[in-house]
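Observations on chain architecture
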Amino acid sequence: MKYYLKAAWVSMLLFYCSASFGQNVGYDIYLTAKEENNQPSEVREEEFDCTDRIFVVIIVAGLSNDQHELKVRWLDPAGNQKELTRYNFEGRAITKIWAWLQLNGPTGAIIGQMFDPSFGMEEFIGDWFAEVYIDNKKVSLKPFRVLC
């Protein structure tokens with residue numbers, strides 16, 4: 001309940017700011033691995049397990065009602081792009097969109113993971129970044145940590 005109220009308050013504030021100042025766009029961006037009703041929850045997290053599906057959630061206030069593009073670059077601990085997510089969406093007064101990352105170990109690692117959950121996942125352990133772009137404009141670089 002606490003997280004829901006906080007997220008609702010932030011969304012209302014973003015909407016108020018964008019409505020008050022015309023073309024200003026406001027962003028609330030967070031990470032989570034929790035899901036509710038097949039959508040990412042409002043529980044904000046910064047540390048994840050190797051087996052988690054990691055969501056980056058973007059709440060945007062003040063976008064035009066046109067087509068927009070979300071792009072998320074998932075950068076691993078070595079700074080390399082591990083995944084790239086692109087998603088086209090239509091803007092609204094308040095738009096909530098998300099992308100997700102699911103880490104998968106090498107083929108054959110499943111047997112080893114029965115005895116050691118981090119088996120074959122060593123390259124994923126460490127500090128990651130979700131680099132978020134809206135319409136090719138970088139709007140956030142969200143750090144997070146993957147532990148096994």
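Throughout, residues of each chain are indexed from 1 in the direction in which the sequence is written. Given that this is a predicted model, residues contribute local features only at a pLDDT of at least 70 and side-chain atom pairs are listed and counted only at 80 or more, while totals for whole chains, interfaces and linings are drawn from all residues. Computation of side-chain values covers all heavy atoms of the structure but excludes hydrogens and water.

This part covers the packing of aromatic side chains. The pairing test for Phe, Tyr and Trp rings, Trp by its six-membered ring, is centres within 6.5 Å, and the orientation test on the planes gives stacked under 30 degrees, edge-to-face over 60, and tilted for anything in between. Tallied over the entire structure, the rule returns five aromatic pairs. Judged by centre distance (6.5 Å) and plane angle (10 degrees), the rings of Y87 and F89 are stacked. On the basis of relative accessibility, which here comes to 44%, the residue Y87 falls in the partly exposed class. A relative accessible area of 4% places F89 in the buried class. A simple rule labels every residue: compare its accessible area, found with a 1.4 Å probe on the protein chains alone, to the largest value its type can have, and call it buried under 20%, exposed over 50%, or partly exposed in between.

What follows deals with the confidence of the model for the chain. Mean pLDDT for the chain: 83, with 74% of residues reaching 70 or above. The predictor's confidence in any single residue is recorded as pLDDT, a number from 0 to 100. Secondary structure is summarised from DSSP: a helix means a run of H or I of at least four residues, a strand means a run of E of at least two, and numbering begins at the N terminus for each. At the low end of the mean pLDDT range in the chain sits helix α1 (residues 2-20), at 44; at the high end sits strand β6 (residues 67-75), at 98.

So, on to the environment of E45. Inspection of the secondary structure assignment puts E45 in the loop between β3 (39-40) and β4 (47-49). For E45, a relative accessible area of 17% puts it in the buried group. Sequence separation between E45 and T32 is 13 residues, and the spatial gap between their C-alpha atoms is 5.0 Å. By definition, residues are in contact when any of their heavy atoms lie within 4.5 Å. When residues no more than four places from it in sequence are discounted, the contact partners of E45 are L31, T32, A33 and K34.

Looking now at the sheet that holds strand β7 (residues 81-90). Here, strands pair whenever DSSP counts at least two bridges between them. What the five strands build is an open sheet, ordered β4-β10-β9-β6-β7; its pairing is mixed. The open sheet has two edge strands with one neighbour each: β4 and β7. Between one strand axis and the next, the sheet turns by 25 degrees as a mean value, whatever way the strands run. Sheet topology places β6 next to β7; nine bridges connect them, and they run antiparallel. The residue bridging L70 from the neighbouring strand is Y87, located in β7. Each axis is a line fitted through C-alpha atoms, and for a helix only the stretch in contact is used; angles between axes span 0 to 180 degrees, taken between their N-to-C directions.

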